[in-house]
Amino acid sequence: MDYTPGNIEQKWRDHWKAEGTYKVSNDSDKPKYYVLDMFPYPSGAGLHVGHPLGYIASDIYARYKRLNGFNVLHPMGFDAFGLPAEEYALQTGIHPATSTKDNMERYREQLSALGFSFDWDRDLYTCDPKYYKWTQWIFAELFGHYYDQTAKKALPISELEKIFAASGNKQVKAANSYKGKFTAEEWKAMDKVTQADTLMAYRLAYRKVGYVNWCEELGTVLANDQVKDGISERGGYPVVQKAMKQWYLRITAYADRLLYDLDEIDWSDSLKTIQRNWIGRSEGASLFFDVKDSDEKIEVFTTRPDTTFGVTYMVLAPEHDLVAKLTTEGQKQKVADYIAKVNAKSEVERMAEKEVTGEFIGAYAINPFTNTAVPIWIGEYVLKDYGTGAIMAVPSDDERDNRFATKFGLEIIDVVDKSKYPSATLNDKVGIIKNSGFMNGMEVPDAITAACKKAEEMGIGEMHINYKLRDANFGRQRYWGEPFPVMYDADGLAHVMKVDDLPLVLPDTEDFKPAKGGRSPLARMEDWTNLPNGMTRETDVMPAVAGSSWYFLRYMDPHNDEAFVGQDAVNYWQDVDLYVGGSEHAVAHLMYARFWHKFLHDKGLVPTNEPFKKLVNQGMIQGVIEFIFLDKNSPQDARRFVSADIAEKEADGDFAKIPVHVDFVSNYGSPKSYLSKEGIEKFIDWRKEYKNATFETSNGTYQNGESAADINMLTLSEVGKMSKSKFNVINPDAVINRYGTDCFRMYEMFLGPIEQAKPWDTKGIDGVSKFLKRYWGLFFDKNEKWSLSEEAPTKDELKILHTAIKKVTHDIERFSFNTCVSAFMVCSNDLRKWRCNKRAILKEMTILLAPFAPHVTEEIWNRLGESGSVHHAAYPVFDEAHLKEDSIEYPISINGKKRGVAEFSSDASKADIEAAARELAVVKKWSVEDGKQIRKIIVVPGRMVNVVVG
RNA sequence: GCCGAAGUGGCGGAACUGGUAGACGCGCUGGAUUCAAAAUCCAGUUUCCUCGGAAGUGCGGGUUCGAUUCCCGCCUUCGGUACCA
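Residues numbered from 1 in each chain as written. Chains lettered and ligands numbered in written order. Predicted model: local features only at pLDDT ≥ 70, side-chain atom pairs only at ≥ 80, totals over all residues. Heavy atoms only, no water.

Asker: Give me the lowdown on the overall build of chain A, citing residues and values where you can.
Answerer: Within chain A one finds 31 helices and 39 strands. Reported as C-alpha extents along the three principal axes, the dimensions of chain A are approximately 100 × 80 × 75 Å. Looking at chain A as a whole, 53% of its 950 residues qualify as buried. Across chain A, every contact between residues at least 6 apart in sequence was considered, and the portion connecting residues at least 24 apart equals 70%. Of the roughly 42,800 Å² of accessible surface on chain A, 49% is carried by carbon and sulfur atoms. Charge centroids of chain A, computed over 119 positive and 138 negative side chains, lie 3 Å from each other. (Helix = DSSP H or I, 4+ residues; strand = E, 2+ residues; numbered from the N terminus. Buried < 20%, exposed > 50% of the residue type's maximum accessible area, 1.4 Å probe, protein only. Contact = heavy atoms within 4.5 Å. Areas by Shrake-Rupley, 256 points an atom, 1.4 Å probe, with all protein chains shown as cover. Lys, Arg positive; Asp, Glu negative; His and termini not counted. Charge placed at Lys NZ, Arg CZ, Asp CG, Glu CD.)

This is the structure in structure tokens:
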């Protein structure tokens, strides 16, 4: 009987659904295991072959754990709010709620077709009010807390109010953005608004004015990672810096814990390094410089306080608050011109700017160690958001300062003698301090300590730890997101809504398009915004990252209306044991999720300090993008296209690379990919503006339907991200229809290591398909009749089986699924050779294979007459005894080069083997017969023998 | 520039903690079956020559009885990031 996946697979998927095979209970005696995929954003393009890679891997692992007696939580849901959803809705003219719902349906269908063992009863989506009720609640809780640096945890803001009333803020060690100190009396004397503003500077969710990436075209603020090269990632519109009052989350309060707790989780070193660099902790000093003839002080952060004697000028960011105050009359025009020049530049130009620019503002600061006056400049190389937005410049010991000083002819005082460290570069923190008064003769690290001590004594600074990490901008002037559960009273003070009043449902409207000039779409809905009690609602919405920062907790208890997650549920499931997803989320999502989790942990609502115990990043499956070349100088009404080989020959030609839809290309993905005559016609039909174009190839030219039949327009193939906009999306449906889901799953695993990026290519899929047919064939005789032997297995058969059990188990544990597939192939090839059809062997092999090919193994399990599902069977037990051999074949190496093999008893001693090896013909041949002597024999038991001759 | 990852047959890739380099699969070659083809099955397949060897895991060194694996110095590719004080 032939193996026909089409008949088997749907049948079993229906069966599993009806039986609730993958339903998981929170009430179990089994140990728990939580396997999670990063939930997808349901885009309009549907699922492509890249999506399932990680899902297949995690599904195999989940099934493997289930077979090993774990109660496995393996859920799936959708990240359905956010900018892309709204963009898609804008493109199609369909309401975001409708399009998102349709897309989710499509994704659910496609995911179901892949045979994943998700418990769909726990399905969630972030735009569901039942879900975002709790997103809003967590936000409200963040608003209601501050971070106490002594307790190293979040505490209710009411505690802080008590402290302020009792002793002001002088003793308080808390994460804050408040400038200055006040006493209890001063606190009590403050009016309501000032008190509220003060508390705001301590809250974990707070409002402040900040510079944001403003995109006028999209009418919204964009996150840094939504901006690429100064233009918006979606749409490619210009982005400018704009000051706006926004909601922020004080993630910096958790910087140290986010950094140090990386040590306790099982993530790859490279990913931990990325997070460490993002947090960017640096130790140094915060120093205050007096300004000559002014009461103002300039605060700088420096990692090199030891070089303070070398400070010959200061640089402020052009946007720094003091610029306006300190610029002298004579310099005003020049400074204004410079700032205008910087602001007028798009981000892309500013980044491309390699030239050193700056302007003197006319004022001077006093170097506190030398008491000399140094000029104050502004320069775009000083960033407003990093450190204090101001630097002390040490041109002798900092490369950028050096370039700046050289360009503008500023003084350079050499303060570090690096002659002892000839390989050190200008920026390296080594050397002996000179020209620096009390620090002269000290090594750099000692001088840093001495400088900090001195600054503290003088009252002009102190040791300071600075982070690159910045607080998260949390507001979007958008429609498709969670509304903030915030109302403003007549004084403009923010009040958060109580849990019983949540969710605050996103009001329905057809007018969801972004508004120009910074107004949120919700601001137009006055009925909703203006409340009967005179309060007004916040009209910004939350960013997409809100919903994804805690969804992993909701799966534990998805239908709970009383809490974001029940305490019983979270105490049972604890945390995610295995999290699988793409490395593009290495920073933003994983950082915010860790932050929220830690906050909830501080509140005693989750038992664990970290959400994701182990993390595996799957590599991206790339697509091949195919191009032809357009001659830019050809006239508009007679465009000239040339094939890739011609473009290469005409190296001086001026060509634009035009992407071609991969559906038109013959030999897609190979170096010989080309457009046939039919392909060119499809291209013209797709891009009608080119219908009069000529297509030049090395075997003739196509124009207006005329060309040789065998015309061969070579295309240029480039590997890149699979994306709708690059016309190279490959949908899995065709492959699944032809080969079946089990084959598709195994083939994706067989492609290579899971964490490695690789281009999609179906070249090798026949090999996997053959394997499944042969596995199936093991159960049938020559006449294609079911034929199974009940005989006891032989030693050799048991060895084949247990070799596979050992290899597959070991490789699943280390996420090496490609080698698992080859182990299965080896096993089935061997069993076939022995014509083994014994139940005792094949039953165990079927269980072993079940996580990889869930459908065909279930069918076989059923035909074997076994009860229940193969996916609830007991995992095969490995027995080392079956692998034991009486004798072992040793490679015999002469001077490290293999020259032959010899068999020795498996319990022969080292000395026995050495003695026997001396007598081997092959050894004699390479020693005495070659005029050489045996110097030494190395025997590694069970491994090899190496004879050293000379 | 910095950080991270990786360079192995015609191709995707194996090789556990330094121990037979090229598992497994694709492709290719030859054969069987067939009127023929597809499918299937069997055998071969790193390169080079004098058929006994020689060379060989990006390049150049080193450590070792033995290196794809460890160390030093380069080159290339991919990913991330950027005037980060």
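Asker: So what about the nonpolar core? Which residues, and what values?
Answerer: Judged by nonpolar contacts, the single largest core of 180 residues is most densely connected at W247, F474, Y551, F564, M746 and F852. With nine residues, the top contributor of residues to this core is helix α2 (residues 52-67). Discounting residues that sit within four places of it in the chain, Y551 has contacts with L36, D37, M38, F39, L124, Y131, Y579 and H589. Listed in part, the 38 residues of the second largest apolar core include L287, I298, I433 and A447. (Core = buried A, V, L, I, M, F, W, Y, C linked by side-chain atoms within 4.5 Å.)

Asker: I'd like a description of the sheet that holds strand β1 (residues 32-37), backed by residues and values.
Answerer: Through backbone hydrogen bonds, the strands of a sheet pair up, either in parallel or in antiparallel fashion. Spatial ordering of the open sheet is given by β2-β1-β25-β26, a layout of four strands whose pairing is parallel. Of all the strands in the sheet, the pair left with one neighbour each is β2 (71-73) and β26 (612-618). Neighbouring strand axes in the sheet, compared pairwise and without regard to direction, differ in orientation by 20° on average. The pairing of β1 with β2 spans three bridges and is parallel. Looking at the pairing, Y33 lines up with V72 of β2. Across the face of the sheet, α2 comes into contact with β1, β2, β25 (576-582) and β26 while running at roughly 170° to β1. (Pairing = 2+ DSSP bridges. Axes fitted to C-alpha atoms, helices over the stretch in contact; angles between N-to-C directions.)

Asker: Explain the packing of aromatic side chains to me, and be specific about the residues and the numbers.
Answerer: Describing an aromatic ring pair means giving the distance of the ring centres and the angle of the ring planes. Counted under the stated rule, the structure contains 66 aromatic pairs. Clustering of aromatic rings is evident, with ring pairs tying together Y33, Y61, Y64, F70, F771, F815, F817, F824, F852 and Y875. We note K292 situated over the ring of Y364; from NZ or CZ to the ring centre the distance is 5.6 Å. One residue, R537, lies across the ring of W528, its end atom 5.1 Å from the ring centre. (Phe/Tyr/Trp six-rings, centres within 6.5 Å; stacked < 30°, edge-to-face > 60°. Lys NZ or Arg CZ within 6 Å of the ring centre and 35° of its normal.)

Asker: Break down the state of the cysteines for me, with residues and values.
Answerer: Within the structure shown, the criterion is met by zero disulfides. In this structure C820 is a free cysteine whose sulfur lies 12 Å from that of C827, the closest cysteine sulfur available. (Disulfide = S-S within 2.5 Å.)

Asker: Got a sec to walk through the protein's contact with RNA strand B? Specific residues and values, please.
Answerer: Within the structure, RNA strand B sits among 47 residues, and Q756, M825, K925, R943 and N946 are positioned closest to it. In the interface set of RNA strand B, defined as its atoms within 4 Å of the protein, sugar plus phosphate atoms amount to 58%. R774 is positioned with one of its side-chain polar atoms (N or O) 2.8 Å from a phosphate oxygen of RNA strand B. Residue contributions to the surface near RNA strand B peak at seven residues, all from helix α27 (residues 817-833). Per-class residue counts for the surface near RNA strand B are 17 nonpolar, 14 polar and 16 charged. (Near = heavy atom within 4 Å. Polar contact = N/O pair within 3.5 Å; in protein donor to acceptor, adjacent residues only side chain to side chain. Nonpolar A, V, L, I, M, F, W, Y, C, P; charged D, E, K, R; others polar.)

Asker: Before we move on, could you go through the domain arrangement of chain A and cite the residues and values that matter?
Answerer: Where the parts come together, the accessible area they lose is often given as the size of the interface. One can read the domain layout of chain A as domain 1 (21-138 + 544-578 + 588-618), domain 2 (148-251 + 472-537), domain 3 (282-467), domain 4 (621-720), domain 5 (733-869) and domain 6 (885-949). When each unit is reduced to the centre of its C-alpha atoms, the spacing between domain 1 and domain 6 is 58 Å. (Domains from an automatic or database assignment.)

Asker: So, helix α22 (residues 677-686): which residues are in play, and what are the values?
Answerer: Every buried residue of α22 is accounted for by G679, I680, F683 and I684. Buried positions in α22, seen along its axis, are confined to an arc of 140° and lie on one side of it. For α22, exposure combined with an orientation more than 90 degrees from the buried face picks out E678 and D685. (Arc of directions from axis to C-beta.)

Asker: Requested: an account of unusual backbone geometry, with residues and values cited.
Answerer: Glycine aside, the phi torsion of most residues is negative, and most peptide linkages are trans. In this structure, P503 follows L502 across a cis peptide bond, with omega equal to 0°. Relative to the helices and strands, P503 resides in the loop between β23 (494-496) and α16 (526-529). Its identity is not glycine, yet Q574 carries a phi of approximately 65°, on the positive side. Checked against the element boundaries, Q574 lands in the loop between α19 (567-573) and β25. Phi at F815 takes a positive value of approximately 60°, unusual for a residue other than glycine. Looking at where F815 falls in the secondary structure, it is placed in the loop between α26 (795-813) and α27. A relative accessible area of 9% places F815 in the buried class.

Asker: I'd like a rundown of the environment of W786, residues and numbers included.
Answerer: Position of W786 among the secondary structure elements: in the loop between α25 (765-777) and α26. Given a relative accessible area of 31%, W786 falls into the partly exposed group. Between the C-alpha atoms of W786 and R863, which are 77 residues apart in sequence, the distance is 8.8 Å. Not counting the four nearest positions on each side in its chain, W786 is found in contact with F779, F780, I860, R863 and L864.

Asker: Explain the packing of helix α5 (residues 129-143) against helix α20 (residues 588-602) residue by residue, including any values.
Answerer: For the pair α5 and α20, interaxial distance at closest approach is 11 Å and the crossing angle is 70°. Classified by the angle their axes make, α5 and α20 are roughly perpendicular. The chirality of how α5 crosses α20 is left-handed. On the side of α5, the interface is formed by T135, W137, I138, E141 and L142, while α20 contributes F595, W596, F599 and L600. (Parallel < 35°, antiparallel > 145°, perpendicular 65-115°, else oblique. Left-handed = near helix turned anticlockwise from the far one by under 90°.)

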